[in-house]
Amino acid sequence: MTLDIDAILTNPDKHIIVCTGSGGVGKTTTAAALGVRAAELGRNVCVLTIDPARRLAQAMGLTELDNTPRPVAGISNGSLSAMMLDMKRTFDEVVESHSDPERAQKILSNPFYQVLSSSFAGTQEYMAMEKLGQLRADASQWDLIIVDTPPSRNALDFLDAPARLGSFLDGRLIRIITAPARGAGRGIGRLAALGFGIFTNVLSKLLGAQVLADVGNFVADIDTTFGGFRERADATYALLKDSGTEFIVVATAERDALREAAFFVERLNQDCMPLGGLILNRVQEVPETGLTHDQVLAAAQKLTAEGSGPLTAALLELHAERMEIKQRQKHLAVRFTAAHPTVSVQPVPIMPHDVHDLAGLREIGAALANQKITW
Amino acid sequence: MRYWPEVTLHVVTGKGGTGKTTVAAALAIALATDGHRTILIEVEGRQGIAQLFDTPPLPYEERKIAVAPGGGEVWALAVDAEDALLDYLEMFYKLRRAGSALRKMGAVDFATTIAPGLRDVLLTGKACEVVKRKEKKQANAYDYVILDAPPTGRITRFLNVNGEVSGLAKVGPIKSHADSVMNVIASKQTAIHLVTLLEEMPVQETLDGARELEGASLPLGGIFVNMTRPPQLNAQQRELAIAGQLPKTEIESDISQSGLTPTAQLVDALLTEASDHAERVDLEVTELERLTERGLPIFVLPLLPGGIDLGGLYELAAIMSDSDIGGAR
């Protein structure tokens, strides 16, 4: 089954498209190409990229990472804005908008907050979701938001990290270390209290008392103003389950990338999240010649053995090599489809050049929507 | 002259999708060649090594996973931050039993979460512990340690543990632990290798990563250019191919001589593919030049048309051995 990308892009009921997959498969480029295509099909699109390569950002006319959607020039029909997520700035803005200036300043200068907002596992995913929620709330400007997901260790992190971080920040342990005396006295039982005694003791030894004090101050400051981290994460998670959302899983025809894609597909099914389909990037196209790999290789070898036609021998070898690569890629794709028969797959041929500009993104967009690709 | 004669710790990083784990594994085999014992360490909990060597998931325990040509051995270890913290608590505070109770409460996970720097120093610390163990001449000692490290975007922060723990305890065991880790990582016995593809984005990331590592005074090793396709055409032929001026009649007659029929379909396919290939190779040549300017040794590894399996790893390892990596010391 092939994937009808244009049907998704032009569906007025679809407001969010999430591009996900393991690192290095071309997620960000795919998100940008979908954005260009959707805009030129008449949508008002905002593309939220997480960590674009400089060239790709330039292709969309983005020059700085300023956490605000910037209009992309040169789009006809609809409109396109693009932005790069600045997770620290997003977090800062959330803090500032939920507390008075004095308290906000106190939180922003807290050393634990600085670690949390710049290098904490899960913060990038959490802030990507937060930003997505903000953009979606501004529905007057955009009717389609296309979001790229962070280069996580695995694709599922995008779904799990925000809730995990939320639970952590709202969690029992963080509250206990911040008020050990109160925590030890109440409800958790004497034995556990003893454990927590050792726990805070060990933590102080490992991290130093100052770190624990910073965490304590942070929790106290954030508590009165911010509400639950977990609640916020849950609210955006609900947005992802909405029928206005579509997930596009991106992979290459390689074992590891397809394994990640399979995990993700299974997870979306389990959570009843809307899956548009799988984009299989960088597939090797080979023109049909009616010959088998072995025939072509044998012909190349014959020429080489006879020492004649070195150019033609090289061309035949090249053709045979491409047939072999295609064969292996198809084998992997067929196995994926056997395990996930309901997932529509769109192969996208490998391009001989890299993307530099809107024209390059348009070319990829056309390949994404090409229903007649022979692969 | 072999590369990196003084190095015992080989750190391998690279952009996602460039095959960093594959290169690390092949390097472990190449370095084990001719009777050495190496250990391949992973730190990201992905079980990438087990998948590559087709073995069950690795526990937090050193296991022999492969042999190398000439009687070498490759061992593997999947380091887990929680286990490393328990090790650490045991080593410095004799807290093994309390440690497992803490773990049950989720406290160990909590501690490594609250201070990401702690997690990294525990992971790098474990690798350095294995490196140093060699000097004590214990039974389980290794000639080389190969660390399958986090991707290029995070590598400097990951390795620069002193900076990482600077927000933590200023004195005490964690600080001295970080110092001793730094003594290994920033020394001549370490080399940090970058894996890339010959495409613009990974090459740019590699150059940026190399600059960052250098800025942090961390020792660079080599650049491994992965998944290259051998150029089938020389520069002049590529120019003709792109211009659509390859000698068509000559090619047709060669095809006849090769035993195939020179159908229009076949000839067109060959010419289209030639132009496509030429464009790609030209791009790769440009990217390779950009990498060369860095002045680091470059090792070119081919794309294996059949994909990476155990046999493929040995093939890549043999290429490394032939390029003067590993072997006699």
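Everything that follows concerns the structure shown earlier in this document.
Residues numbered from 1 in each chain as written. Chains lettered and ligands numbered in written order. Predicted model: local features only at pLDDT ≥ 70, side-chain atom pairs only at ≥ 80, totals over all residues.

1. Regarding the overall build of chain B
Right, on to step 1. Scanning chain B from N- to C-terminus turns up 14 helices and 8 strands.
Right, on to step 2. A burial count over chain B gives 50% of its 329 residues as buried.
Right, on to step 3. Pairs at least 24 apart in sequence give 73% of the contacts found in chain B among residues at least 6 apart. (Helix = DSSP H or I, 4+ residues; strand = E, 2+ residues; numbered from the N terminus. Buried ≥ 20, exposed ≤ 12 C-beta atoms within 10 Å, placed from the backbone. Contact = placed C-beta atoms within 7 Å.)

2. Brief notes about the environment of L260(B)
Residue and element names in this part refer to chain B.
Right, on to step 1. Positionally, L260 belongs in the loop between α12 (248-257) and α13 (264-292).
Right, on to step 2. Note on L260: 20 C-beta atoms within 10 Å, which makes it buried.
Right, on to step 3. When the C-alpha positions of L260 and E200 are compared, they lie 38 Å apart, and in sequence the two are 60 residues distant.

3. Some thoughts on the nonpolar core
Right, on to step 1. Residues I29(B), I41(B), V145(B) and I146(B) are the most contacted members of the largest nonpolar core, which totals 184 residues.
Right, on to step 2. Among the elements that take part in this core, helix α1 (residues 20-32) of chain B stands out by supplying 10 residues, more than any other.
Right, on to step 3. Not counting chain neighbours up to four residues away, the residues in contact with V145(B) comprise T8(B), L9(B), I39(B), I41(B), A127(B), V130(B) and V131(B).
Right, on to step 4. Residues A299(A), A313(A), L316(A) and M323(A) belong to the second largest nonpolar core, which totals 26 residues. (Core = buried A, V, L, I, M, F, W, Y, C linked by C-beta atoms within 7 Å.)

4. Concerning the packing of helix α8 (residues 157-170) of chain A against helix α13 (residues 229-241) of chain A
Residues and elements named next belong to chain A.
Right, on to step 1. Orientation of α8 relative to α13, taken along the N-to-C sense of each, is 160°, at an axis distance of 7 Å. Here α8 is positioned roughly antiparallel relative to α13, judged by the angle of their axes. The two elements α8 and α13 meet at a crossing, and its hand is left-handed. Contact with α8, carried on its side by P162, A163, L165, G166, S167, L169 and D170, involves F229, R230, R232, A233, D234, T236 and Y237 of α13 and no other residues of that element.
Right, on to step 2. For the contact of α8 with α13, the class distribution of residues is 7 nonpolar, 3 polar and 4 charged. (Axes fitted to C-alpha atoms, helices over the stretch in contact; angles between N-to-C directions. Parallel < 35°, antiparallel > 145°, perpendicular 65-115°, else oblique. Left-handed = near helix turned anticlockwise from the far one by under 90°. Nonpolar A, V, L, I, M, F, W, Y, C, P; charged D, E, K, R; others polar.)

5. Focus on the interface of chain A and chain B
Right, on to step 1. At the interface, 54 residues of chain A touch 59 residues of chain B.
Right, on to step 2. Among the elements of the structure, α3 (54-59), α6 (111-119), α11 (190-207), α12 (209-226), α15 (293-306) and α16 (310-339) of chain A are those that each provide at least two residues to the side of chain A that touches chain B.
Right, on to step 3. Of the residues forming the side of chain A that touches chain B, the biggest block, 13 residues, is contributed by α16(A).
Right, on to step 4. Its residues assigned to classes, the side of chain A that touches chain B shows 28 nonpolar, 14 polar and 12 charged.

6. Topic: the packing of helix α10 (residues 200-215) of chain B against α13(B)
Residues and elements named next belong to chain B.
Right, on to step 1. Relative orientation of the contacting elements α10 and α13 amounts to 0°, with a least axis distance of 10 Å. When the axes of α10 and α13 are compared, the pair comes out roughly parallel. Between α10 and α13, the contacting residues are E200, V203, T206 and L207 on the first element and E287, R290 and L291 on the second.
Right, on to step 2. Across the contact of α10 with α13, the residue classes tally to 3 nonpolar, 1 polar and 3 charged.

7. Some points on the sheet that holds strand β6 (residues 245-252) of chain A
All names here are of chain A.
Right, on to step 1. Within the open sheet, the 8 strands sit side by side as β3-β4-β2-β5-β1-β6-β7-β8. Their pairing is mixed. Single-partner strands in this sheet number two, and they are β3 (70-71) and β8 (345-349).
Right, on to step 2. Helix-sheet contacts for helix α7 (residues 123-137) involve β1 (16-20), β2 (44-49) and β5 (144-148), and the interaxial angle to β5 is about 170°.
Right, on to step 3. The sheet strands contacting helix α14 (residues 255-270) are β1, β6 and β7 (275-283), and the helix crosses β6 at an angle near 160°. (Pairing = 2+ DSSP bridges.)

8. Some thoughts on the sheet that holds strand β8 (residues 298-302) of chain B
Residues and elements named next belong to chain B.
Right, on to step 1. With mixed pairing, the 8 strands of this open sheet are ordered in space as β3-β4-β2-β5-β1-β6-β7-β8. Since the sheet does not close on itself, it has two edges, and those belong to β3 (63-68) and β8, each with one partner. The average angle at which neighbouring strand axes cross in this sheet is 25°, direction not considered.
Right, on to step 2. Pairing of β3 with strand β4 (residues 72-78), which is carried by 5 bridges, proceeds in the antiparallel orientation. Each residue of the ladder has a partner; that of A66, found in β4, is V74.

9. Re helix α14 (residues 310-322) of chain B
At 3.6 residues per turn, the α-helix brings residues three or four places apart onto the same side.
Residue and element names in this part refer to chain B.
Right, on to step 1. Taking 1.5 Å per residue, 13 residues should reach 18 Å; α14 reaches 19 Å between its end C-alpha atoms and fits that length.
Right, on to step 2. For α14, the set of buried residues is L313, L316, A317, M320 and S321. Axial view of α14: buried residues confined to an arc of 145°, hence all on one face. Facing away from the buried side of α14, by more than 90 degrees, are the exposed residues G311 and D322. (Expected span 1.5 Å × (residues − 1). Arc of directions from axis to C-beta.)

10. Thoughts on helix α2 (residues 27-40) of chain A
Residue and element names in this part refer to chain A.
Right, on to step 1. Taking 1.5 Å of rise per residue, the 14 residues of α2 would be expected to cover 20 Å, and the 20 Å separating its terminal C-alpha atoms lies within 8% of that figure.
Right, on to step 2. Of all 14 residues that make up α2, 13 are buried, and the element is covered over most of its length.
Right, on to step 3. Of the residues trailing α2, G42 is marked for its positive phi of about 110°.

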